[in-house]
Amino acid sequence: MRFDLDMAARAIPELLGGLAVTLELSVLVIALSLIWGVVLVVGRLSHLLPLRLACAGYLQLVRNTPVLVQMYFFYFGFAMAGLRLSGFEAGLLAMVLQNGGYMSEIYRAGIENVGARQREAGLALGMRPFEAFRIVIFPQAVRLVLPPMTNQFVAIVKDTALVSTLSAADMMFRARLLIDRTAAAYEVFADLTAMYLVLTATIALLMRAAERRLGR
Amino acid sequence: MPNVLIASLPYLLRGAIVTLELSAVCALLASAIGIIAALAQSYGGLVARGIALIYLYLMRGTPMLVMVFAAYYLLPYVGINVEPMTGGVLVVSLYYGAFMSEVFRAALASVPRGQWDAGRALGMHGRWLMGIVIVPQALRLAGPPFINTCIMLVKGTSLVSVIGLVELTLSGREVVERTLAPFQVFGGVALIYFVICYSLSLCGKALEARLPHAH
Amino acid sequence: MPTDPTRPIITIDHLSKRFGSLAVLRDVSLAVMPGEVVAVIGPSGSGKTTLLRCINLLEPFDAGEVRLDDAPIGYVVAPNGRRRRQPEREIAKARAAIGMAFQSFNLFPHMTVLRNVMVAPMRIKRVSRDAAHETAVRLLDRVGLSDKVDAYPRQLSGGQQQRVAIARALAMEPKVMLFDEVTSALDPELVGEVLAVLRQLAEAGMTMVIVTHEMQFARDVADRIVFMAEGSIVEQGPPQQIFNDPQSERLKAFLRRYREAYLL
């Protein structure tokens, strides 16, 4: 299997054409699941039992089913029901629903690990519950959640490749198109892998910098 | 309403069996790879550690879907039979081997320092120390995260559907194509995955409860 | 190799250890005779635990020598003067002849009490299962825990766990026993049962080096008290001298603070 360096070089711009979609999807999923995760964790930790149970049930549902199946569910399901979602949109929906769940668990773990005792210390000093959260718990929890969150962001970027199976024109999709046209599978996959590695390494570096900035 | 689902259930369940078979084989292989990689990473010489780290970096940074397609397109050139099952076993085991390695590495590191002291103070070293004192404790510590990784692995097998392995997800797509009832069918598929994965997680919780947690 | 009663069992010769820029042990020398009970006291950070852990090479050290029955352990000095760490196998052999009990007991949680005591003699000294069993039962009886042989460590109190730990160390028939603050992690009412075991051992003639905060105990049981501060031995001598007639200012200050704390 000879490696055609020239072909590899020519493949890069083609693949980069899909980078915008990959990035756009990644950023949207990250942003929306961070928010959705907050909603879920509030429900998960609420005083109302039905709400707690509903959120816990939701979490079990999303973590025990593959995200690909969720994507197919929305893509084909809505199409049949008359609402034609694009591969991108169906993927976005499924990934936000799933990763929002994972984010909420990360938040919950962070909060619980900071611990009830810290909260008590705050209350004993005369803070109101929300103040105690904002001043005592939140800053400490943020430091704790950064590592698992980094892993989750990396996982999100990798999962975006799945939308290529629904014809969304991301890097993976472009790669397959290119291979079908040129049969240069070796070179294209080498490039594609390298590009994903660069993306994931960049995220890891950015998050490491964020950790340092927060003075861990 | 769920008539379609009920009618196609036998077909879906056959796909589920393929999923389970694939998962079981890959879980075993991934564990083996994981143990080797963890030992190489923590106790290996420069070369072993280097290989392990490169392997881990590649697996953690590359989407498994890319690997699945790569296996499909590239393996024929290397002369490997391009049956979806073979490609699937190869890719899924390699990919989750990296996660398993992290599970075992973390477990080894979680064995309290005092256990090393006690073993050494009694005159143990090397394979004795590892085999009698450290590894048994590490395996117990690894239980719950191991099960979680297995659950991830089961979900991951759904990706092998894209290269034609008729496991649960592809079975679902085939049925949908025939019956045009995507919500029902994929709902059913999700339900079957749920049953498999949730059962595994219950095993995990039972394991966690049974395990004597030291100190 | 039988121990010569006129030569020290443990010789520490000009031992030094740095931790980064911090000198943890400064040129420490100490000889422990067979059958002697040496208690090491001193404020936190004085290096007493580090010294103990250097004896059986659980901690490395930078200069000096530790000898067990006149044979150096841990490091060998080559003819060209370079100092090299002995292979792990050699160090393990020396450790097998030195018993140690830890502040945090460190029992093996995945084994019963009986197996905890049996496993080392069986695997390392290749003692037969029956012989190891017999020794284990005898030792557990001696520390007062025959009724707990099939229990797991997590089912025992701190004092019981520590007694098992001592029995486990004794099962290897060591020439000398090291005790690293073995009662510091115990609830006060459990301290007595462990000290009783140490007392018994001392009376039976075991060579012991005991790092402790229990001054009363040290005074009663030790043949010699070693007072350490800031990584050096400041003063040593029989309990009479150390407690009733301290010579150094450092020791006087230490004892004064100790008495204040306890008279309150």
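Owing to the predicted nature of the structure, the values given are computational and were not obtained by experimental measurement.

K.L.:
Break down the overall build of chain A for me, with residues and values.
P.N.:
Summing up its helical and strand segments, chain A has eight helices and zero strands in all. Counted from the first residue to the last, chain A has its helices and strands arranged as α-α-α-α-α-α-α-α. Overall, chain A is about 70 × 45 × 25 Å in size when its C-alpha atoms are taken along their principal axes. Long-range pairs, those at least 24 residues apart, make up 76% of the contacts in chain A with a sequence separation of at least 6. Accessible surface for chain A amounts to roughly 10800 Å². Of this, 65% is attributable to carbon and sulfur atoms.

K.L.:
Outline the interface of chain B and chain A, listing residues and values.
P.N.:
Facing 35 residues of chain B, the contacting portion of chain A comprises 39 residues. Summed over both sides, the interface between chain B and chain A buries roughly 3200 Å², with carbon and sulfur atoms accounting for 76% of that surface. When the buried surface of chain B facing chain A is broken down by residue, Y73, K155 and F183 of chain B rank first, second and third, together holding 19% of it. Linking chain B with chain A are zero salt bridges, by the criterion used here. Along the contact surface separating chain B from chain A lie six residue pairs in polar contact (both at pLDDT 80 or more). Those elements that place two or more of their residues in the side of chain B that touches chain A are helix 2 (46-61), helix 3 (64-78), helix 6 (126-156), helix 7 (168-179) and helix 8 (182-210) of chain B. Sorting elements by how many residues they give to the side of chain B that touches chain A places helix 8 of chain B first, with ten residues.

K.L.:
I'd like a rundown of the packing of helix 1 (residues 5-44) of chain A against helix 4 (residues 87-114) of chain A, residues and numbers included.
P.N.:
All names here are of chain A. Running from amino to carboxyl end, helix 1 crosses helix 4 at an angle of 45 degrees, the nearest separation of the two axes being 6 Å. By the criterion of interaxial angle, the relationship of helix 1 to helix 4 is oblique. Where helix 1 crosses over helix 4, the two elements pack in a sense that is right-handed. Across the contact of helix 1 with helix 4, the residue classes break down as 17 nonpolar, six polar and four charged.

K.L.:
Any chance you could break down the sheet that holds strand 2 (residues 22-32) of chain C for me, citing the residues and the numbers?
P.N.:
Paired through backbone hydrogen bonds, the strands of a sheet run either parallel or antiparallel to each other. Residue and element names in this part refer to chain C. Here we have four strands laid out as an open sheet, ordered 2-1-4-5, and antiparallel in their pairing. If you trace the sheet from one side to the other, it starts and ends with strand 2 and strand 5 (71-73), each paired once. Direction aside, the axes of adjacent strands within the sheet are offset by 30 degrees on average. Bridging between strand 1 (residues 10-19) and strand 2 involves seven bridges; their strand directions are antiparallel.

K.L.:
Hey, could you go over unusual backbone geometry for me, with residue numbers and the actual values?
P.N.:
Non-glycine residue A183 of chain A carries a positive phi angle of around 60 degrees. Structurally, the position occupied by A183 of chain A is in the loop between helix 7 (171-182) and helix 8 (185-213). Using a relative accessible area of 51% as the deciding quantity, one classes A183 of chain A as exposed. Look at L180 of chain B: it is not a glycine, yet its phi comes out positive at around 55 degrees. Residue position: L180 of chain B is located in the loop between helix 7 and helix 8.

K.L.:
So what about the sheet that holds strand 3 (residues 37-41) of chain C? Which residues, and what values?
P.N.:
All names here are of chain C. Read from one edge of the open sheet, six strands run 8-9-10-3-11-12, paired in mixed fashion. Looking at which strands have only one partner, the edges of the open sheet turn out to be strand 8 (98-101) and strand 12 (232-237). Averaged over all pairs of adjacent strands, the angle between their axes in this sheet comes to 20 degrees, without regard to strand direction. Alignment of strand 11 (residues 224-229) against strand 12, held across five bridges, turns out to be antiparallel. In the strand pairing of strand 12, V226 is matched with Q236.

K.L.:
Hey, could you go over the side chain of T157 of chain B for me, with residue numbers and the actual values?
P.N.:
Structurally, the position occupied by T157 of chain B is in the loop between helix 6 and helix 7. Setting aside anything within four residues of it in sequence, one finds T157 of chain B in contact with T19, L22, S23 and E167 of chain B.

K.L.:
Could you give an account of the side chain of R108 of chain A, with specific residues and numbers?
P.N.:
Positionally, R108 of chain A belongs in helix 4. Discounting residues that sit within four places of it in the chain, R108 of chain A has contacts with V41, R44 and L45 of chain A.

K.L.:
Lay out the confidence of the model for chain B in plain terms, naming residues and giving numbers.
P.N.:
All names here are of chain B. Looking at chain B as a whole, the pLDDT averages 91, with 95% of positions reaching at least 70. No element of chain B has a lower mean pLDDT than helix 3, which averages 88, and none a higher one than helix 5 (residues 113-121), which averages 96. We note a pTM of 0.84 for the whole complex and an ipTM of 0.90 for its interfaces.

K.L.:
Tell me about the arrangement of the chains, residues and numbers included.
P.N.:
Most contacts, when the two pairs of chains in contact are compared, are made between chains A and B. Between chain A and chain C there is no contact, and the shortest C-alpha to C-alpha separation is 22 Å.

K.L.:
Outline the packing of aromatic side chains, supporting the account with residue identities and numerical values.
P.N.:
For any pair of aromatic rings, the description rests on two quantities: the centre-to-centre distance and the angle between the ring planes. In this structure the tally under the stated criterion is 19 aromatic pairs over all chains. Ring centres of F73 of chain A and F183 of chain B lie 4.9 Å apart, and the angle between their planes is 55 degrees; on these two criteria the pair is classed as tilted. A residue pair is termed interchain when its members come from two chains, as with F73 of chain A in helix 3 (residues 67-80) and F183 of chain B in helix 8. A residue is classified by how much of its surface remains accessible, and F73 of chain A, at 24% relative accessible area, is partly exposed. What makes F183 of chain B partly exposed here is its relative accessible area of 33%.

K.L.:
Requested: an account of the packing of helix 3 of chain A against helix 8 of chain B, with residues and values cited.
P.N.:
Close contact between helix 3 of chain A and helix 8 of chain B brings their axes to 8 Å; oriented N to C, the two are set at 165 degrees. On the basis of the axis angle, helix 3 of chain A is roughly antiparallel to helix 8 of chain B. The interaxial crossing formed by helix 3 of chain A with helix 8 of chain B has left-handed handedness. In this structure, helix 3 of chain A contributes V69, Y72, F73, F76, G77, F78 and M80 of chain A to the contact, and helix 8 of chain B contributes P182, F183, F186, G187, V189, A190 and Y193 of chain B. Looking at the contact of helix 3 of chain A with helix 8 of chain B, its residues break down into twelve nonpolar, two polar and no charged.

K.L.:
I'd like a description of the interface of chain B and chain C, backed by residues and values.
P.N.:
Accessible area lost upon the coming together of the parts serves often as the stated size of an interface. Residue-level contacts link 20 residues of chain B with 26 residues of chain C. When chain B packs against chain C, the two sides together hide about 2000 Å² of surface, and 68% of this comes from carbon and sulfur. Of all residues in chain B, A121, L122 and I132 of chain B give up the largest surface area on contact with chain C, accounting jointly for 29% of the area buried on that side. In this structure, the connection of chain B to chain C is made through one salt bridge. The closest approach of N and O atoms between R53 of chain C and D117 of chain B, which form a salt bridge, is 2.9 Å. Between the two partners, chain B and chain C, sit four residue pairs in polar contact (both at pLDDT 80 or more). A per-element tally of the side of chain B that touches chain C places helix 5 of chain B first, with seven residues.

Rules used in this analysis
Residues numbered from 1 in each chain as written. Chains lettered and ligands numbered in written order. Predicted model: local features only at pLDDT ≥ 70, side-chain atom pairs only at ≥ 80, totals over all residues. Heavy atoms only, no water. Helix = DSSP H or I, 4+ residues; strand = E, 2+ residues; numbered from the N terminus. Contact = heavy atoms within 4.5 Å. Areas by Shrake-Rupley, 256 points an atom, 1.4 Å probe, with all protein chains shown as cover. Buried area = accessible area lost by both parts, 1.4 Å probe. Salt bridge = Lys/Arg side-chain N within 4 Å of Asp/Glu carboxyl O. Polar contact = N/O pair within 3.5 Å; in protein donor to acceptor, adjacent residues only side chain to side chain. Axes fitted to C-alpha atoms, helices over the stretch in contact; angles between N-to-C directions. Parallel < 35°, antiparallel > 145°, perpendicular 65-115°, else oblique. Left-handed = near helix turned anticlockwise from the far one by under 90°. Nonpolar A, V, L, I, M, F, W, Y, C, P; charged D, E, K, R; others polar. Pairing = 2+ DSSP bridges. Buried < 20%, exposed > 50% of the residue type's maximum accessible area, 1.4 Å probe, protein only. pLDDT = per-residue confidence, 0-100. Phe/Tyr/Trp six-rings, centres within 6.5 Å; stacked < 30°, edge-to-face > 60°.

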